[in-house]
Amino acid sequence: MRVGILGPLQVAGCAVGGARVRALLVRLALDPGRVVTTDRLIDDLWPGEAPAHPMAALQSLVSRARREAPGVISSHPAGYVLDVPPGEVDAWAFERLVRAGDVHRALALWRGPALADAADLPFATAPAARLEELRLTALATRIAADLSTTITTDPAAAPSATPADDLALASTASTAATADHPERRAGLVAELEGLVAAHPLREPFHALLMRALTTQARRAEALALFERIKAALAEELGVDPGPELREAHLEALRDAEPKSNLPARLTSFVGRSEDMSRLKGRLGRARLVTLVGPGGAGKTRLAVEVAAGLHVPDGVWLVELATATGVRAALEGVLRTTDPVRALRGTAPLIVLDNCEHVIEEAATTARALLSEVAGLRILATSREPLDIPGETLHHVLPLPEGKAAELFAERAAAARPDLRVAPEEAARICRELDGIPLAIELAAARLRTMPLSVLVRQLGDRLAFRGGRTAEPRHRTMRAVIDWSWNLLSDRERELLRGLTVFSGGATYEAISQVCGGDLDLLSSLVDKSLIAVSGDRYTMLETIRQYAAADLPELRQAHARYYTELAETADPHLRTGEQLKWLAVLDAEQGNLDVALRHSDDPLRVILPRLWSWIIRGRHREINEQAASVLRRVGDTPPPGRELAHGICRVLAGFAPTEAVLESDHPAALNSWALAGVGTPADVVSLTERQSGRLRDHPDLWTRSAALLATGIVRFEYGAVAGAEDLLVPAVDGFRAVGDRWGQWAGLFWLSLVAENHGDFATAVTLAEEPERLATELSGLDTPLGPMTFLIRVGQLKGRAGDHAGAARALEQAWESAVRSDDQAIVARVMHARAELARRTGHPEEAARLLETALALDVEVSAQLRAYMNVELARVREPRAPLRRALELMATCSDRTARATVLEGVAEHLEPEAAAELLGAARALRGIGESADPHVNELAAKCRAALGEHGYREASARGASIPNPERYALRPLSSP
């Protein structure tokens, strides 16, 4: 924790003195990351009478706090902010952990009375009381969990009933070792006795102490304690004991032996701790809980593990229905009675009805009758569809999440081949292929006994045939048998619809399914109930394993699917250039799998690809554009079908061919800059084509189209040297995009305007222009590198450093570094290291800069020639310059990026004699297409050259440099001499 207020104030790495300063930090820590107004702060810190000059007093207090705790407080026009994420303030972390049920970690944060340094100030009273109340609640939950562990896992403990509320508390049961239960119970009793003394009217602590005493066979003491708290509540508050106390009292009065027919565990149970916690809580509130889910998800195993973890004195009975001819007969056999209702009446047992789906009607009827006649009974059922009776609570047993699935695979693989170690990423990939279905994972892991891991990976496509052990039930021998069990319970119409749903990829909306398959809502609902498909948000989804089982050759449905999603893409396309852009991008993102399938299977792929091009451009998916365009061309050939000339022409341009007249005369968004995206022809060709488009569309009636033409022309002018004219085009382009609400257009225009300002050396303006694109890129949130949100953070950090805002640069680059490390993208890591090295050098830490650069250059990762050249130029500033400068110039020898070449030449000029330096500055200025630079560093270097050469000599050298045809080769000469 960077800031601690659960006890005396702590600020990591800082010693904060002064009562008022500490109170200020405590007040701000109550709202981390949020502005606390100056008026609020003055009222809270001086509640009696404010100082004569309250604003000055507050500012002085803030200044002292900043000196003693640097970097913690930020200013805002309305007040001040504790510039710390909420999760790094212990009180906020404490509340989050308590809400998440992690009370052990939460209580570990507590060091003393909350807000201790502001205890005498009114603003602290209510928050401190609330935190203390939450601490006491968490303490009770923790003790209940520890107590439940000793009760439910220690057969030597005195028997006692587990009331409903205690079942809910037990959902957070501790996983600590249970070998020392007697000592642990004694410790809990001692702790609870102290809490009862400190809080004489707090019922939960008394109830827990009664339970703890009962487990130690000290029932008389538990009953005496009940009488004392009962009398105290009546005398002090005029109330009777609440449900918790009454249940604890009943528990102390009971004496019953636990009974069960549950099977003993044969293997470890992996990955379902959250399910177990939820189920225990639900069994505390509902009398019928049904585990539903697809075959192989592990419903039976989960039900048995949950039941085994509960202490139910009146018995836990497993009734297996998979091979039963009738539910009642199976129940009578387990209970050894011909009258189950009579045998169970007056008791409170738990019955596990396993595999109800093939006798679902009788299972539902029997469960309802039992629950109606036996008031204390609870039923935990497993089924691939709900029993659908009153009072039923469903718990969906889903495939395992990736991490838990990989853990299960690794453990079962180790059992099959003790000498084999499976890398976590390999295990995760296998489990993704297997949909995270536990049975499929276990069957696959077992195959490692007879084959190498690489062979198993190649066999994953045949997952339905994976075979289990000799003693496995026939329906669990293979995944095909598992799904057969469900398939055989379907009607013909349900089977037909399930086959039809296999044409979708990534799920589908009801509208799509009804249009493509004609399936009605009742049939869909039935398939959901039978766990063959699922509902996620507004979509119906299907596991890939079930898709493989049910897939069939359905050419007519394939074409109906392609038509539907083609029309969806055509509907979305115009909205992508309006204020509804984000909404429709989200629609296309959700349907990406279906859109890809439609493109792959459509009889008219050119119609499908045309409305998709602009969404790919917005998302920065240029590789995908080129690959899909090439694939479509291979299918349709060199001659466009009638009416598809434009789409065909754009695909050819994206494949590297010259644009056709259909493209050149079109106002389609993708046609406006397709040749620039594909790099068609020479720079002169790109400039010529773009200028032609711009002139033709200058008076187009659509504002977005006019703005897009201006944007494309402005970008091309900047890229190919006409920098002065670029700004005049980019500014109105941005204005136009703002007017129509297109975030992508605003982002692109502002990004290039920022580059224009940077090219002039005006870093302050470049920062201002770059910060808004960062926000827009984050909103669009799908832009891939090199133009994604993380790239903007890096760029903003570098620009702020060059503009002199070193603190702002450090914050931006720290954010970028955290994101880069999380992404595990080594190319991005290298870029951030370069930016941080530049900032380290600017702030007087050359050794740190050198370390970062040498590490980045040593990474085995593909980065652009420009970045590698920049890193070498930066390295030359903190190490012996000759070798890195030569590498930088060699990297620029074939580079077409004029501003990158200029940057490298300016960096080299720093290390040359005045005449050669002036020549390179002239060459750089010519490449940038500007007159004088606003870059202070370049101007300082130019001033040194002027001082050495005189004004006339400097101008002559600069002019010579501007006319050098290959300045990089020219610059290598002085660096090659000893």
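Here's a quick rundown of the structure. Quick caveat, the model's predicted, so the values are computed rather than measured. (Residues numbered from 1 in each chain as written. Predicted model: local features only at pLDDT ≥ 70, side-chain atom pairs only at ≥ 80, totals over all residues. Heavy atoms only, no water.)

## Points about the sheet that holds strand S6 (residues 288-292)
Hydrogen bonds between backbone groups are what pair the strands of a sheet, and the pairing can be parallel or antiparallel.
Then, in step 1: Taken in spatial order, the 5 strands of this open sheet run S7-S8-S9-S6-S10, and their pairing is parallel. Two strands lie at the open edges of the sheet, namely strand S7 (316-320) and strand S10 (392-396), each paired on one side alone. In this sheet, adjacent strand axes meet at a mean angle of 20° when their direction is disregarded.
Then, in step 2: For strand S8 (residues 350-354) and strand S9 (residues 378-383), the ladder comprises 4 bridges, and the chain directions are parallel. Bridging from a neighbouring strand, isoleucine 351 pairs with isoleucine 379 of S9. (Pairing = 2+ DSSP bridges. Helix = DSSP H or I, 4+ residues; strand = E, 2+ residues; numbered from the N terminus. Axes fitted to C-alpha atoms, helices over the stretch in contact; angles between N-to-C directions.)

## Comments concerning the nonpolar core
Then, in step 1: In terms of nonpolar packing, the biggest core is built from 124 residues, with Phe409, Leu498, Leu501, Phe504, Tyr565, Leu613 and Trp744 touching the most fellow members.
Then, in step 2: Here this core takes 10 residues from helix H38 (residues 743-760), the largest share from any one element.
Then, in step 3: Among residues more than four places away in sequence, those in contact with tyrosine 565 are Phe504, Ala508, Ala512, Glu591, Asn594, Leu595 and Ala598.
Then, in step 4: Core analysis: the next-biggest nonpolar cluster, separate from the first, contains 75 residues, Val11, Val21, Val196 and Ala252 among them. (Core = buried A, V, L, I, M, F, W, Y, C linked by side-chain atoms within 4.5 Å. Buried < 20%, exposed > 50% of the residue type's maximum accessible area, 1.4 Å probe, protein only. Contact = heavy atoms within 4.5 Å.)

## Concerning unusual backbone geometry
Then, in step 1: One non-glycine residue, arginine 336, lies in positive phi territory at about 55°.
Then, in step 2: Tracing the backbone through its elements, the reader meets arginine 336 in the loop between helix H14 (327-335) and helix H15 (340-344).
Then, in step 3: Notably, aspartate 388 is not glycine yet its phi reads approximately 65°, a positive angle.
Then, in step 4: Residue position: aspartate 388 is located in the loop between S9 and S10.

## Points about the environment of leucine 927
Then, in step 1: Structurally, the position occupied by leucine 927 is in helix H47 (residues 914-928).
Then, in step 2: Taking relative accessible area as the criterion, leucine 927 reaches 9% and is therefore assigned buried.
Then, in step 3: Residues leucine 927 and proline 263 lie 664 residues apart in sequence; the distance between their C-alpha atoms is 80 Å.

## Quick word on the environment of serine 896
Then, in step 1: Assignment of secondary structure puts serine 896 in the loop between helix H45 (882-892) and helix H46 (898-909).
Then, in step 2: Its relative accessible area of 59% is what places serine 896 among the exposed residues.
Then, in step 3: Sequence spacing of serine 896 and proline 683 is 213 residues, and the spatial spacing of their C-alpha atoms is 8.9 Å.

## With respect to the pattern of salt bridges
Side chains bearing opposite charge may pair, as long as their charged atoms lie close to each other.
Then, in step 1: One pass over the structure, following the stated rule, counts 60 salt bridges.
Then, in step 2: Arginine 40 serves as the salt-bridge partner of aspartate 44, at 2.9 Å between the closest nitrogen and oxygen. Separated by 4 residues within a single helix, aspartate 44 and arginine 40 lie in helix H2 (residues 38-45), roughly one turn from each other.
Then, in step 3: A salt bridge links arginine 696 to glutamate 665; the shortest N-O distance between them is 4.0 Å. One end of the pair, arginine 696, is in helix H35 (residues 683-697); the other, glutamate 665, is in the loop between helix H33 (661-664) and helix H34 (669-678), with 31 residues separating them in the sequence.
Then, in step 4: Residue glutamate 665 is classed as partly exposed on the basis of its relative accessible area, which comes to 43%.
Then, in step 5: Three or more residues joined by partner-sharing salt bridges are found here, namely Arg27, Asp31, Arg34, Arg40 and Asp44. (Salt bridge = Lys/Arg side-chain N within 4 Å of Asp/Glu carboxyl O.)

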